[in-house]
Every structure is written in structure tokens, then in C-alpha cells.
Amino acid sequence: MGRYTTDTNRLNLSAVLRDAGIGLAVLILLLWANPFNSVPTGTRGVITQFGAIKGIEPEGLVFLPPWQKLAVFNIRAEEATIEHAEGSTSDTQPVKVSMTVRYSIATDRVAEVYEKYSHDGNLSSYVQTATQEIFKAVTARYTAPELISQRSKVSSDINTALKEKLALYGANVINIDMRNFAFSDTYMAAINQKVTQEQLRLVAENQLKTVEAEQKQKVAIAEAEAAATRAKADGESYANLKIAQAQAEALKVQNAALVQSKEVLELRRIEVEKIKAERWDGKLPEHIYAGAPIPFLNVSK
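Cut-offs applied
Per chain, residue numbering runs from 1 following the sequence as it is written. Per-residue local features are limited, in this predicted model, to residues with pLDDT of at least 70; the limit for side-chain atom pairs, both in listing and counting, is 80 or more; totals at the level of whole chains, interfaces and linings are taken over all residues. With hydrogens and water set aside, each side-chain value is computed from the structure's full complement of heavy atoms. Only strands joined by at least two bridges in the DSSP assignment are considered to pair. In DSSP terms, a helix is any run of H or I states spanning at least four residues, a strand is any run of E spanning at least two, and both are numbered starting from the N terminus. To obtain an axis, a line is fitted to C-alpha atoms, over the contacting stretch when the element is a helix, and the angle between two such axes runs from 0 to 180 degrees between their N-to-C directions. Note on definitions: salt bridges are taken to be side-chain nitrogens of Lys or Arg within 4 Å of carboxyl oxygens of Asp or Glu. Each residue after the first adds 1.5 Å to the expected span of a helix. Per-residue accessibility, obtained with a 1.4 Å probe over protein chains only, is compared with the maximum for each type, and a residue is labelled buried under 20%, exposed over 50%, and partly exposed between these values. Working definition: the arc comes from the directions between the helix axis and the C-beta atoms, pointing outward to the latter. Residues are treated as being in contact if the distance between any of their heavy atoms lies within 4.5 Å.

Undergrad: Would you mind showing me how to read the sheet that holds strand 3 (residues 52-57) here?
TA: Strands in a sheet are paired, the pairing made by backbone hydrogen bonds, and the direction either parallel or antiparallel. Judged by pairing direction, the sheet is antiparallel, and its three strands sit side by side in the order 3-2-5 without closing on themselves. Pairing within the sheet leaves two strands with one partner each, and these edge strands are strand 3 and strand 5 (69-74). Ignoring strand direction, the axes of neighbouring strands in this sheet form an average angle of 30 degrees. With five bridges joining them, strand 2 (residues 43-49) and strand 3 adopt antiparallel strand pairing. Bridging from a neighbouring strand, I47 pairs with G55 of strand 3.

Following this line, the structure appears as C-alpha cells:
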């Protein structure tokens, strides 16, 4: 006689149903009290017991008793987009910017963030609010021209201040992407006009420098030519002076010779008469005027 048969070899239906019910109850209990859980990559497992945090589990397999629960908490990089954040410069110029802030939850502060701010690691609302506040505070320290010329420094100041702010919420700032940095249309028109005027001024200055350079070049050429003319005149004057000095010296020598010997004068006269004789063609003049000399006729001899 078996467990599920009677004395008459009939099926004991009550025993079958009883054992089947027990088996089903055990199966349901096992499914309900499944102690095996897993924590995916890039997350942490927050273990709670009746609402209280009992521990933080890393990635991998986790064994839990039925009275504890496991919540998956994301620690991957998240993004918070802030469109048209508004601020005002120190010279009261309104300014807008759109930003994307990338952040992640510090692994050693998962329990604190889970308890105070988020059960899944999403802090977008806190990041957006904090970014708006930081942007207003930073832009108020700069004038409008400084925001344009020192944009990298402004971005660095926002990054530093936002890191300090989000650290209060257990988040680490990875980077900030600023875009669509713009002022009011009126101010931008004024900036464009100023840039245009500055460009025109630079063009005028360059043209003036070119004219000045050309004028200086002409003056230099004229001065060089004048210097050359003066040098030439000085040279000619010096040469003439030397010639005059030589002639005067020759005259002095001749006069000295004449004083020393009258024969020199007679010799010179004879030389002149000789030249005249050599040039005479042997003909006497047809007409002789009163007082006109008769060549080569020495009546006294």
C-alpha cells in the first residue's frame, strides 16, 4: 500500500491534494523570499529594512533576507540642461546663457543622497536651481564688456562656484558647457556699432601712418639730395679756392721774378714779338689810321 493509495488500491486523492498544496506553498514562499539579487554596473545597491538604510552594496550579486529590500542607485554621469539662464552684469546689462552641466553622485555619499534628495541618483532639479543662482552671482561681478573679453574666466568662476554648491548635495561636477551667451538686442547692436567704428578708426590710422611714412621718405630723399648738392658746391668752392690760391701764388712768383730781374720782362716782350712775327703774312696794311701801330717796323733802328 502506497502513500497515495488506499487499502483497496485506489488513489488517495486527499493525500495528493495535501502534498500538492504544500509544494505550491513552498514554491510561493521561495519565490517571495528569493534571497538573490544583483547590482548592475554603474550603480550601487541601497539596502533598506522597514524604510531604514542598512547598507550600500557595490556592483554584483547580493544575498538578502526577505525582510530587506534592494534599491538600485545610479552613480553614472548625468546631465542637467539649463535653458536661458538669466543674470545681470555689474553695469546693469541683462544677459542670458544656456548651459549643460554634467555631474555624478559621489560614491561615498550615496546613502546621504538617497536619504535626503533622490532615490535613484537624479539631481537635475537641484542642479538647475543651483546653476541659476551661481550664474546670477558670477555675472554680477563683471561688466558686460568683461563678460565678452573674459569669457573663459567667467566660465571658470561658474565652474568653481557650482562645484562648491553641488558638493552640498553629494554631487561632483564633471564639466559645464556654456552656449548661446547673449545680451539684449539693443546692447548687441551698440557693440556691433562700436566694433565697426573701431575698425574704421584702425583703417584711418593705418592710412595716416602710410601717408606719414611716404612723407618721411620724401623728406629723407630731399635731405639727401640737398646734402649731395651742398657737398658738390662745397667741393667746387674748395676747388675754385685752390685754383685761385695757385694762380695768386703764381702771380707772386712772377712778380717776385720781375722785381728781381728786368731781363725777364724783356724776355717776355721778345716772346710776344716773336709770336706776332710768326703770325704775320708779310703784307702791310692798306689803310693806316692815326695812332695805329705799324707791325714790325722799328724806325729807330
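Undergrad: Would you mind going over the pattern of salt bridges with me for this structure?
TA: Pairing between side chains of opposite charge can happen when their charged atoms approach one another. Scanning all chains against the criterion turns up 10 salt bridges. Between E112 and K116 there is a salt bridge, with its nearest N and O atoms 3.8 Å apart. Here E112 pairs with K116, and both are found in helix 2 (residues 110-116), just four residues apart, close to one helical turn.

Undergrad: Which parts of the structure should I look at to understand helix 3 (residues 124-139)?
TA: Each α-helix winds once per 3.6 residues, and so residues spaced three or four apart point in a common direction. Relative to the 22 Å expected for 16 residues at 1.5 Å per residue, helix 3 spans 22 Å between its end C-alpha atoms, a close match to the ideal helical length. Burial in helix 3 covers these residues: S124, V127, A130, T131, I134, F135, V138 and T139. Relative to the axis of helix 3, the buried residues are bounded by an arc of 145 degrees and lie together on one face. Considering only its buried residues, helix 3 is in contact with strand 6 (78-88), strand 7 (94-105), helix 4 (144-149), helix 5 (151-167) and strand 8 (171-183).

Undergrad: Please explain the sheet that holds strand 8 as it appears in this structure.
TA: The sheet built from three strands is open, its strands ordered 6-7-8 with antiparallel pairing. Two strands in the sheet have a free side with no partner beyond their single neighbour: strand 6 and strand 8. This sheet shows a mean twist of 20 degrees between the axes of neighbouring strands, independent of strand direction. Together, strand 7 and strand 8 form the strand contacts of helix 5, whose direction differs from that of strand 8 by roughly 140 degrees.

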